[in-house]
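Geometric and topological summary
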Amino acid sequence: MISAPLADGVIDVHSHWLPAELFDLPPGAPYGPMRDRDGELCLGDIPLSIPTRAMSDIPAILADMRAAGVGVRVLSAPPFAFPVQGTAGAASYVAAFNDALSAVVSEAGGRLVGLGLVSLDDPERARAQLERLARTDGMAGVAIPPLLGGRSLDQDPLRRILTDAEDLGLAVLVHPMQLPRPEWTDHYLSNLIGNPVESATAVASLILGGVKERLPRLRICFVHGGGCAPGLLGRWTHGWHTRADVRRHSTRPPDEVFGELFFDTVTHDPELLRLLTAHASKAGVVCGSDYPFDMAQRDPVRFATTHGPDARELISNARAFLGL
């Protein structure tokens, strides 16, 4: 619920924040814990190549926003803080994060908006957490992974979360988790290839699984420009028209449903952003940065407005995603 007016300027819907007291990450997290080493943030023994203050210090985040020309930043947890394991203590971690995020958002004068966490493994508990987010001022929705336990958005428990989010009028941001695979061990391929593939899998599952058709009011955004999805949309649509098994769960072709989704501008390629803008609806592209990670779009507003929608459209689109 967002009752106070937002600050002026372009809205960055994709940025990350985690308070230092939660750097240990939720129980069962596949990575971690996070640690500060001489002002630099590490995930376990892996340097993240970002200053610790950029992840946890609100004055530093606001200063970086001003330098980047961002008017409003939507904060969500980094993906390695998603509570993907149903272990004891995960619900407490979710509550602690949501409370801390609500507090910093409420004190930011309309410059920050929050997307909370939920317990991914427990549908009833997740429903109660979503209901609380819907009642919390400054919190617009929830961030979730594209895959969980080998299943995507067309199957529970993630599908149940989407269903409850639509029912409660909450926005959903889908962020990949950089899941490890043996063939992606080297060259940072778990990010460079893995993240786009995770996102494309979720987009395809949402569309071909008929989920968006059954949840027409769902406001859902895929980061990193939807990963591989813009380049694969034609292939999905061809398959839908030619194969009965592809269209078994849906009644509309992918290229038609694609225009009802939101995607951010973190593509790192002007031509890919132009392709995304051509495939998505005019209202479906929103500014993102992936702040503060090293894979972030360093000048998000300039990149988005130069190669995609103008600032006025980006603001309008982000407000629509947030439900404003």
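Before any of the text, the structure's been laid out above.
This text gives an overview of the structure that appears in the document. What you are looking at is a predicted structure, and each value in this text was computed from that prediction instead of being measured. All residue numbers here refer to positions counted from 1 along the written sequence of the relevant chain. Residues qualify for local features only when their pLDDT is at least 70, as the model is predicted, and side-chain atom pairs are given and counted only at 80 or more; totals for whole chains, interfaces and linings, by contrast, use all residues. Each side-chain value is worked out from all heavy atoms of the structure, with water and hydrogens disregarded.

**Quick look at the pairing of strand 4 (residues 46–51)**
- Here, strands pair whenever DSSP counts at least two bridges between them. Numbering of helices and strands runs from the N terminus, with a helix taken as a DSSP run of H or I at least four residues long and a strand as a DSSP run of E at least two residues long. Sheet topology places strand 3 (residues 40–43) next to strand 4; three bridges connect them, and they run antiparallel. Counterpart to Leu43 in the pairing with strand 4 is Ile46.
- The hairpin turn running from strand 3 into strand 4, its antiparallel successor, is two residues long, and Gly44 in that turn takes a positive phi close to 65°.

**Things to note about the nonpolar core**
- Core analysis: the largest hydrophobic core is formed by 102 residues, its most contacted members being Leu18, Ile144, Leu153, Leu162, Ile220 and Phe222.
- Here, two residues are considered to be in contact whenever any of their heavy atoms come within 4.5 Å of each other. Leave out the neighbours within four places in its chain, and Leu18 touches Phe23, Leu25, Met34, Met55, Ser56, Pro78, Ala81, Tyr93 and Phe97. Among buried residues, the Ala, Val, Leu, Ile, Met, Phe, Trp, Tyr and Cys ones that are joined through side-chain atoms within 4.5 Å form a nonpolar core. Each residue is placed in one exposure class: buried if its accessible area under a 1.4 Å probe, protein chains only, is under 20% of its type's maximum, exposed if it is over 50%, and partly exposed if it falls in between.

**A closer look at unusual backbone geometry**
- Put simply, Asp156 and Pro157 share a cis peptide bond, and its omega is 10°.
- Within the secondary structure layout, Pro157 lies in the loop between strand 7 (139–144) and helix 5 (158–168).
- Positive phi values are uncommon outside glycine, yet Leu25 reaches one of about 70°.
- Turning to its location among the elements, Leu25 is positioned in the loop between strand 1 (11–16) and strand 2 (34–37).
- Note on Leu25: relative accessible area 6%, which makes it buried.

**Here we look at the pairing of strand 3**
- Of the pairings in the sheet, the one linking strand 2 to strand 3 comprises four bridges and is antiparallel in character. Bridging across to strand 3, Arg35 finds its partner in Cys42.

**Quick word on the sheet that holds strand 10 (residues 262–264)**
- One open sheet holds the eight strands; their spatial order is 1-5-6-7-8-9-10-11, and the pairing between them is parallel. Two strands lie at the open edges of the sheet, namely strand 1 and strand 11 (285–286), each paired on one side alone.
- Sheet topology note: the strand 6 (residues 112–116)/strand 7 ladder contains three bridges and is parallel. When the bridges of strand 7 are listed, Gly114 appears paired with Met139.
- Packing of helix 7 (residues 194–208) onto the sheet brings it into contact with strand 8 (171–174), strand 9 (219–222) and strand 10, and relative to strand 9 it is tilted by some 150°. In this description, a line fitted to the C-alpha atoms serves as the axis of each element, helices being fitted only across the stretch in contact, and the angle between N-to-C directions of two axes falls anywhere from 0 to 180 degrees.

**Overview of the layout of surface pockets**
- Here the largest pocket defines a volume of roughly 500 Å³.
- Cavity: a set of points on a 1 Å grid over the protein atoms alone where a 1.4 Å probe fits but cannot get out. Pocket: an open set with protein on both sides within 12 Å along at least five of seven lines, its lining residues, like those of a cavity, having an atom within 4 Å of a point. Leu43, Leu48, Gln178, Tyr188 and Asn191 are, among the 25 residues lining the largest pocket, the residues nearest its centre.
- At the level of secondary structure, the elements contributing two or more residues to the lining of the largest pocket comprise strand 4 and helix 6 (189–192).
- Sorting elements by how many residues they give to the lining of the largest pocket places strand 4 first, with four residues.
- Grouping the amino acids of the lining of the largest pocket by side-chain chemistry returns 14 nonpolar, eight polar and three charged. Grid points are joined across faces, edges and corners, and a volume is the space filled by probe spheres set on the points. Under the convention adopted here, Pro, Cys and the residues Ala, Val, Leu, Ile, Met, Phe, Trp and Tyr are nonpolar, Asp, Glu, Lys and Arg are charged, and Gly plus all remaining residues are polar.

Keep in mind that these numbers describe shape and distance, not what the molecule does.
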